[in-house]
Amino acid sequence: MKIAVLIKNFVRTGGAERYAVELSVRMAQKGHKVHLFTQRWDPDLVDGFIVHKIVRHIRRPSYMNSLLYALKARNLLKKQHFDIIHSHQRTIFHNVISMHHPCYKLGKRNPALFLKLLNWFRRHFVVRHLTYSWLESGQFLCKNLKHVIAVSQIIKEDILNHYAIDPSVIHVIYPGVAPIQMPMEMADRARKDIRKKHGLTTEDTVIIFVGSEFKRKGLFSAIQALALLLGNTRLPVLPHLLVLGSGDPRKYRKQSERLGVSGNVHFVGLSQSVEQYYSASDIFLLPTLSEPFGMAALEAMAMGLPVIVSKKAGIGEILKHRYDALLLEDPINAHEIKNAILSLSDRSYRLKLGQQGKKTAGHFSWNRMSEEILSLYAAIAASDHIP
């Protein structure tokens, strides 16, 4: 098949981007001709692909870049025939779309009268909202659209809440994770080196938080929970929290100072060595307020880390509380997070939960994901073509 992939950034950082890369690589490996319509790419990833560069003339405002990308992609795509046009962005010409995020459409999330009025004003008069709403509507109203792929049931339900779409065309296909085989000697070395870098001992309990949107990912509650552990007799030494991801840490530094835990909260920033940080950690924590899926949690599970994750994350749909993860009912409840951390103070239970989580992660590979999507492609190619 001749497949067009629409993604602004063809890189392995970012959930949607990683999904697009892993899928495209596997399609190319199966002998399909894959064309990339992209603005930016990692040169190491594009061997075997045909790259169509869509020049980014405008970086700011971002909504204008999104609009121009969609229009330019449509014009380029109409110049030749493709069996499949799979978009991972808000575009207006495709037959398959992957939804990696909740709908942008305003109006149904805020029942308060004032917020309804505010959203009405935004929809009708604010250019940014008008642009994104038009693009998103274009995704679902595209006459060639055959299938919508949602990365979780949460996303599928969100689409159905906002758009009158036949539920049968929306397919939940979870992201995958690559098998992580780090030799024991290398993992031990990473554990020692990372801990030494941040002034941690081999005996310290280390909790890792991975996410670039600190507010939405629940960092405030994570630090609150850490403070609640001060003086707890079940933990002779207060755990340390490693925070990986981009974002302004000043607000959270002040919070940790105010709560008396600043010495135990370490802001790492973005790192190209996330696997090494997983090796250096004992617990993964994601008390997110909302999350389409939560690939970082799946990656941590693949490394054998026990995970504490909010039920508001899509990954919670594939997990069982106290079997392969600890699921948080209320991610803003710091006491609930604290109790989850305390339950993992038992090293044997921590190891047991981590090993079961690793088994669960093994069922969600990128190969499995690509096979499910390939079956959708085949159905389209057999029955229809984009004119």
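Check the entry above for the structure.
My aim in this report is to walk through the structure given alongside it, one point at a time. Residue numbers run consecutively from 1 along every chain, following the written order of its sequence. Selection of residues for local features in this predicted model requires a pLDDT of at least 70, selection of side-chain atom pairs for listing and counting requires 80 or more, and totals for whole chains, interfaces and linings are taken over all residues. The side-chain quantities take in all heavy atoms of the structure and omit both hydrogens and water.

### Some points on the nonpolar core
Right, on to step 1. Only buried residues count toward a nonpolar core, which is a set of Ala, Val, Leu, Ile, Met, Phe, Trp, Tyr and Cys residues joined through side-chain atoms within 4.5 Å. Only protein chains enter the accessibility calculation, which uses a 1.4 Å probe; a residue whose area is less than 20% of its type maximum is buried, one above 50% is exposed, and one in between is partly exposed. Ranked by internal contacts, the top residues of the largest apolar core, which has 77 residues, are Ile159, Tyr278, Phe284, Ile315 and Tyr377.
Right, on to step 2. Of all hydrophobic cores here, the second largest spans 31 residues; its members include Ile207, Phe209, Leu238 and Leu344.

### Examining the sheet that holds strand β9 (residues 170-172)
Right, on to step 1. Spatial ordering of the open sheet is given by β5-β3-β1-β6-β7-β8-β9, a layout of seven strands whose pairing is parallel. If you trace the sheet from one side to the other, it starts and ends with β5 (50-53) and β9, each paired once. Strand after strand, the sheet turns through a mean of 20 degrees between neighbouring axes, direction not considered.
Right, on to step 2. Strands qualify as paired when DSSP identifies two bridges or more between them. Counting from the N terminus, the helices are the DSSP runs of H or I reaching at least four residues and the strands are the DSSP runs of E reaching at least two. Strand direction decides the pairing type here: strand β1 (residues 2-6) and strand β3 (residues 33-38), joined by five bridges, are parallel. Here an angle of 0 to 180 degrees is reported between the N-to-C directions of two axes, which are lines fitted to C-alpha atoms, with helices fitted over the stretch in contact.

### Quick notes on the environment of glycine 260
Right, on to step 1. One can find glycine 260 in the loop between α9 (250-258) and β12 (265-269).
Right, on to step 2. Judged by relative accessible area, which is 52%, glycine 260 ranks as exposed.
Right, on to step 3. Glycine 260 sits 33 residues away from alanine 227 along the chain, and the two C-alpha atoms are 7.0 Å apart.

### A word on the packing of helix α8 (residues 219-228) against helix α12 (residues 334-343)
Right, on to step 1. α12 packs onto α8 with a crossing angle of 60 degrees between their chain directions and a minimal axis gap of 8 Å. Like other packed secondary-structure pairs, α8 and α12 cross with a definite hand, here right-handed. Facing Ser221, Ala222, Gln224, Ala225 and Leu228 of α8, the residues of α12 in contact are Ala334, His335, Ile337 and Lys338.
Right, on to step 2. Just so you know the grouping, Ala, Val, Leu, Ile, Met, Phe, Trp, Tyr, Cys and Pro go in nonpolar, Asp, Glu, Lys and Arg go in charged, and all remaining residues, Gly too, go in polar. Here the contact of α8 with α12 is composed, by residue class, of five nonpolar, three polar and one charged. By definition, any crossing whose near helix is turned counterclockwise from its far helix by less than a right angle is left-handed, and any crossing with a clockwise turn is right-handed. Note on definitions: a residue-residue contact is assigned when non-hydrogen atoms from the two residues lie within 4.5 Å.

### Here's the deal with the packing of aromatic side chains
Right, on to step 1. Classification of ring pairs rests on two measures: the distance between centres of Phe, Tyr or Trp rings, Trp counted by its six-membered ring, which must be within 6.5 Å, and the angle between planes, read as stacked under 30 degrees, edge-to-face over 60 and tilted in between. Taken as a whole and assessed by the stated rule, the structure comprises eleven aromatic pairs.
Right, on to step 2. Residues tyrosine 104 and tyrosine 132 carry aromatic rings whose centres are separated by 5.1 Å and whose planes lie at 55 degrees to one another, so their mutual orientation is tilted. Taken together, the residues tyrosine 104 in the loop between β7 (96-99) and α3 (113-125) and tyrosine 132 in helix α4 (residues 127-141) connect sequence positions 28 residues apart.
Right, on to step 3. Judged by relative accessible area, tyrosine 104 falls into the buried class, the value being 14%.
Right, on to step 4. For tyrosine 132, a relative accessible area of 9% corresponds to the buried category.
Right, on to step 5. Aromatic ring contacts, followed pair by pair, group Tyr63, Tyr104 and Tyr132 into a single cluster.
Right, on to step 6. In this structure, lysine 2 is placed above the aromatic ring of phenylalanine 82, and the distance from its NZ or CZ to the ring centre is 4.8 Å. Lysine NZ or arginine CZ positioned within 6 Å of the ring centre and within 35 degrees of the ring normal marks a charge as sitting over the ring.

### Things to note about helix α11 (residues 295-302)
Right, on to step 1. When you tally the buried positions in α11, you get seven out of eight residues, the bulk of the element.
Right, on to step 2. Every buried residue belonging to α11 is among Met295, Ala296, Ala297, Leu298, Ala300, Met301 and Ala302, and all of these are buried.
Right, on to step 3. Positioned one or two residues after α11, glycine 304 has a phi angle of 90 degrees, which is positive.

### Some words on the sheet that holds strand β14 (residues 307-310)
Right, on to step 1. Strand order in the open sheet formed by six strands is β12-β11-β10-β13-β14-β15, with parallel pairing between adjacent strands. Edge positions in the sheet fall to β12 and β15 (326-328), since each has one partner strand and no second. Across the sheet, the axes of successive neighbouring strands diverge by a mean angle of 20 degrees, strand direction being ignored.
Right, on to step 2. Sheet topology note: the strand β13 (residues 283-286)/β14 ladder contains three bridges and is parallel.

### Things to note about the environment of glutamate 257
Right, on to step 1. Looking at the secondary structure, you find glutamate 257 in helix α9.
Right, on to step 2. Relative accessible area serves as the criterion here: at 53%, glutamate 257 is assigned to the exposed category.
Right, on to step 3. For the pair glutamate 257 and valine 11, spaced 246 residues apart in the sequence, the C-alpha separation amounts to 36 Å.

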